[in-house]
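Observations on the model geometry
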Amino acid sequence: MSDRYIPVQWNANKWLYDGVLLIACAAYILVFLRLGAPAADLTRPVDGAILRMRAFGSCAFFMLSVILCIGPLARLDRRFLPLLYNRRHFGVITALVALTHAVYVLNWYYAFSPTDPMVALLGANTSYGQILGFPFETLGIVALLILAVLAATSHDFWLSFLGPPLWKALHLLIYLAYGCVVAHVALGYLQDSKNPAFALLFGLSALAVAGLHLAAWAKAPRKSRGSGEWIAVAAPHEIADGRAKILPMPDGKRAAVFRDGDRIGALSNACAHQNGPLGEGRVIDGCVTCPWHGFQYRLEDGCSPPPFTEKVPTYNLRLRDGVIEIATKPNAPGTPATPLQIAEAAHV
Amino acid sequence: MSDREAPFFIGWAAMPPGLRWFMGGIALGLILFLAGIAYVTAATQDDPGQGAFVGRANATGILQAEPYPILHVTESADFALGSALLLTGGGKRGVQGRAAGLDGALVAVSGARIARGDIAALQLRGGEAGLKALEQAAITPPAVQDLGRWRISGEICDGKCYAGAMRPGRGLAHKACANLCLIGGIPPVLVATDKIDGTEFFLLAGPDGGPVTDQILDHVGLLIELEGQVQRHGGMAVLRLDPETLKVIP
């Protein structure tokens, strides 16, 4: 959380996160170039530039696959939530690795020609009407442009400037970028590779991304329980202390009903920061704490504690026949909604 | 442990003790995972073959300008007599301009030799040091032997990269580079899946024996099938392809 913008709000967790990422990335490149390539059974070595473009290109693909696995993994098992915390740095490093791949391609395959490299990049192969031989480089360019835009707009300044819904919609383009990368590899390098090892790793990575997203999607509640002014939530004791129950609402949004000891309150499930799932967070010191980046909101009014200014919508609650009911219409962000007081002994 | 006491990570706070080992394992696992797949990916790369630049070379011979400049060697310490060389300029440049007006002439050439099996190319040095006409009358070009019409499968490559200027210098990942070479004037060759008259490399020409670059660009780097008239021009097999018969083999 922040009440002002600085380039990076470094803390111990971010240093550690970025350190591990850089070590992993360096390990990939060094092992590829220094250990793997010399071990290949080749009559003559692959050109150095081609070797490096393969190293950086494949590294970017596997890093992007890991990035896309983090979200659903954290949904399926909360122990993976720390991986979400600094995921944007993961994305920026991946964009730089992909850019390095592109620079090697441009300075090798598109160099040494009377044609300008940028003109050649778009004009050397124009067989757009066929699948085999399709200019797969164009798919790589689209993916790289998306990664560059996402990296450039990853800072909270852009999140605030664009607003969370637009910012999140923009950053969902990562899936288009991944699709382009998969097609880029499948229509390019994979067509030439006779050894099945890379094809296997490539396929398993793409399948892991798709499979984990499907599993997380299957787990998420989607259907609203009613459409009147109030809908039933649960008995108070069915909500774990400090946790929430997430409900799909008739308007398509989600509410999160939290229990904090003997208090029960309801907020929008979408964090004001990056629309993170507040309902998967925890109530700490009376504040709902987002599992993604630790943004906090008071249970009674959805406002961040001073000096912070973020607000989320609240929901009115009532108790009927021992069952919590929630108003289907949300209150404006930051509107006080008195939490229900539950006699602890009667419900735990 | 109650749910309230279960470890919960907050980025700006210290890592909960209950998550430290788990996250440590994830970090180590990520490093080992990426290092492992890097090794497998690099160690299982396909062999690009033996093609390479193999030093300076000189030759004297008869220049044939069409469909693309080649040299029929008549005298050389570096090449077999009667062999034929693809002639190229530096980078992705052909030597059509330099060869213009020298068709059938006796010339001396010098440059960087590129060789891969039976295919040989020479990247000419600049100016007359690389290509110079020799004064000699009554040169007899090699006879053209017609080997009939054939249906052939294989891959169209640019002769320079395939010969060894790049490793690998063929395939779909190399297609745009090959197209760029061909557009620049590098001679195209068909690398056939089966030999015809003992050769698997064919210099491509149009039905009229002239250049054919524009008609083949969509089919470069792919396994294709085509039909055409096969001829032997001295030491070079030339395929006068019928562009209408070009098709990709799925």
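Rules and cut-offs
- Residues numbered from 1 in each chain as written.
- Chains lettered and ligands numbered in written order.
- Predicted model: local features only at pLDDT ≥ 70, side-chain atom pairs only at ≥ 80, totals over all residues.
- Heavy atoms only, no water.
- Helix = DSSP H or I, 4+ residues; strand = E, 2+ residues; numbered from the N terminus.
- Rg over C-alpha atoms; globule rule 2.2 N^0.38 Å.
- Buried < 20%, exposed > 50% of the residue type's maximum accessible area, 1.4 Å probe, protein only.
- Contact = heavy atoms within 4.5 Å.
- Areas by Shrake-Rupley, 256 points an atom, 1.4 Å probe, with all protein chains shown as cover.
- Salt bridge = Lys/Arg side-chain N within 4 Å of Asp/Glu carboxyl O.
- Buried area = accessible area lost by both parts, 1.4 Å probe.
- Polar contact = N/O pair within 3.5 Å; in protein donor to acceptor, adjacent residues only side chain to side chain.
- Nonpolar A, V, L, I, M, F, W, Y, C, P; charged D, E, K, R; others polar.
- Expected span 1.5 Å × (residues − 1).
- Pairing = 2+ DSSP bridges.
- Axes fitted to C-alpha atoms, helices over the stretch in contact; angles between N-to-C directions.
- Phe/Tyr/Trp six-rings, centres within 6.5 Å; stacked < 30°, edge-to-face > 60°.
- pLDDT = per-residue confidence, 0-100.
- Domains from an automatic or database assignment.
- Parallel < 35°, antiparallel > 145°, perpendicular 65-115°, else oblique.
- Left-handed = near helix turned anticlockwise from the far one by under 90°.
- Disulfide = S-S within 2.5 Å.

A look at the overall build of chain B
In terms of regular secondary structure, chain B is built from six helices and twelve strands. Its C-alpha atoms give chain B a radius of gyration of 26 Å, clearly above 18 Å, the size a compact globule of 250 residues would have. Its C-alpha atoms put chain B at 100 × 40 × 30 Å along the principal axes. Across the 250 residues that make up chain B, the buried fraction comes to 54%. Considering only residue pairs separated by 6 or more positions, chain B has 69% of its internal contacts joining residues 24 or more positions apart. With the model as given, the accessible surface of chain B reaches about 10300 Å², and the carbon-plus-sulfur share is 53%.

So, the pattern of salt bridges
Residues and elements named next belong to chain B. A complete count under the given rule lists 14 salt bridges over all chains for this structure. Between E227 and R149 there is a salt bridge; the shortest N-O distance is 3.2 Å. With a gap of 78 residues between them, E227 in strand β10 (residues 223–233) and R149 in strand β7 (residues 144–158) connect regions that are remote in the sequence. Note that R232 and D197 form a salt bridge whose closest N and O atoms lie 3.2 Å from each other. Highlighted residues: R232 in strand β10 and D197 in the loop between β8 (188–196) and β9 (199–205), separated in sequence by 35 residues.

Focus on the interface of chain B and chain A
Counting from both sides, the interface comprises 60 residues of chain B and, opposite them, 79 residues of chain A. Of the roughly 5900 Å² buried at the junction of chain B and chain A (both faces included), carbon and sulfur atoms supply 65%. Counting across the interface, chain B meets chain A through one salt bridge. Close ionic contact of D47(A) with R167(B) constitutes a salt bridge, the shortest N to O distance being 4.0 Å. Connecting chain B to chain A are 18 residue pairs in polar contact (both at pLDDT 80 or more). Those elements giving two or more residues to the side of chain B that touches chain A turn out to be α1 (17–43), β1 (52–64) and α5 (175–183) of chain B. With 17 residues, the single largest contributor to the side of chain B that touches chain A is α1(B). Partitioning the side of chain B that touches chain A into residue classes produces 39 nonpolar, eleven polar and ten charged.

Here we look at helix α11 (residues 196–219) of chain A
An α-helical turn contains 3.6 residues, so a residue and the one three or four places further along point in the same direction. Between its first and last C-alpha, α11(A) extends 34 Å over 24 residues, near the 34 Å set by a 1.5 Å rise per residue. Within α11(A) the residues assigned to the buried category are A197(A), F198(A), L201(A), F202(A), S205(A), A206(A), V209(A), L212(A) and A216(A). Among the structural elements, α2 (48–76), α9 (173–187) and α10 (189–192) of chain A together with α1 of chain B are those in contact with the buried residues of α11(A). The N-capping residue of α11(A), defined by a side-chain oxygen 3.0 Å from the backbone nitrogen of A197(A), is N195(A).

Section: the sheet that holds strand β7 (residues 296–298) of chain A
All names here are of chain A. Within the open sheet, the three strands sit side by side as β5-β6-β7. Their pairing is antiparallel. Only two strands of the sheet have a single partner each, and these edge strands are β5 (282–284) and β7. Taking each pair of neighbouring strands and ignoring which way they run, the sheet shows an average axis angle of 35°. Here β5 pairs with strand β6 (residues 287–289) via three bridges, running antiparallel. Bridge pairing in β6 links V283 to V288.

As for the packing of aromatic side chains
Residues and elements named next belong to chain A. Within this structure, the stated rule accounts for 17 aromatic pairs over all chains. Look at W158 and F161: their rings are 5.6 Å apart centre to centre, the planes differ by 85°, and that puts the pair in the edge-to-face class. On the criterion of helical spacing, the pair formed by W158 and F161 is a turn pair, its members being three residues apart in helix α7 (residues 156–162). W158 sits in the partly exposed class, given a relative accessible area of 31%.

A few points about the confidence of the model for chain A
All names here are of chain A. Here chain A averages 92 in pLDDT, and 95% of its residues register 70 or above. Put simply, helix α12 (residues 344–347) is where chain A has its lowest mean pLDDT, 45, and α9 is where it has its highest, 98. Contacts of residues 344–348 to residues separated by more than four positions or lying in other chains number seven contacts, the stretch itself having pLDDT below 50.

Observations regarding the domain arrangement of chain B
All names here are of chain B. Each assigned domain of chain B is listed with its residue range as follows: domain 1 (52–133) and domain 2 (144–248). When each unit is reduced to the centre of its C-alpha atoms, the spacing between domain 1 and domain 2 is 19 Å. Taken together, the 29 residues of domain 1 in the interface contact 31 residues of domain 2. Carbon and sulfur atoms supply 64% of the area buried between domain 1 and domain 2, which totals about 2300 Å² over both sides. Ranking the residues of domain 1 by area buried against domain 2 places Y68, K92 and R116 at the top, with a combined share of 32%. At the boundary of domain 1 and domain 2, one finds zero salt bridges. The interface formed by domain 1 and domain 2 includes ten residue pairs in polar contact (both at pLDDT 80 or more). Where the side of domain 1 that touches domain 2 is concerned, the elements lending two or more residues are β1, β2 (70–75), β3 (84–88), β4 (106–116) and β5 (119–124). Its residues assigned to classes, the side of domain 1 that touches domain 2 comprises 14 nonpolar, ten polar and five charged.

Things to note about the packing of helix α1 (residues 12–39) of chain A against α1(B)
Two elements in contact, α1(A) and α1(B), have axes whose closest approach is 7 Å; the angle formed by their N-to-C orientations is 25°. In terms of axis orientation, α1(A) runs roughly parallel to α1(B). Relative to α1(B), the crossing made by α1(A) is right-handed. For the pair α1(A) and α1(B), contact is made by V20(A), L21(A), I23(A), A24(A), A27(A), Y28(A), V31(A), F32(A), L35(A), G36(A), A37(A) and A39(A) and by A27(B), L30(B), I31(B), L34(B), A35(B), I37(B), A38(B), Y39(B), T41(B), A42(B) and A43(B), respectively. Here the contact of α1(A) with α1(B) is built from residues that sort into 21 nonpolar, two polar and no charged.

With respect to the environment of W217(A)
Residues and elements named next belong to chain A. On the secondary structure map, W217 appears in helix α11. Taking the relative accessible area as the measure of exposure, W217 reaches 53% and is therefore exposed. Note: C-alpha distance between W217 and W108 (109 residues apart in sequence) is 43 Å.

Quick word on the sheet that holds strand β9 (residues 317–320) of chain A
All names here are of chain A. One open sheet holds the three strands; their spatial order is β1-β10-β9, and the pairing between them is antiparallel. Only two strands of the sheet have a single neighbouring strand rather than two, namely β1 (230–234) and β9. Taking each pair of neighbouring strands and ignoring which way they run, the sheet shows an average axis angle of 40°.

Considerations on the state of the cysteines
This model, assessed by the stated rule, comprises zero disulfides over all chains. Unpaired in this structure, C180(A) has its nearest cysteine sulfur neighbour in C69(A), at a distance of 18 Å.

Considerations on the environment of H233(B)
Residues and elements named next belong to chain B. The residue H233 is located in strand β10 in this model. Given a relative accessible area of 10%, H233 falls into the buried group. Note: C-alpha distance between H233 and L85 (148 residues apart in sequence) is 12 Å. Discounting chain neighbours no more than four positions away, the residues touching H233 are Q64, H72, P142, A143, V144 and V238. In terms of polar contacts, H233 uses its side chain to reach the side chain of Q231, at 3.0 Å.

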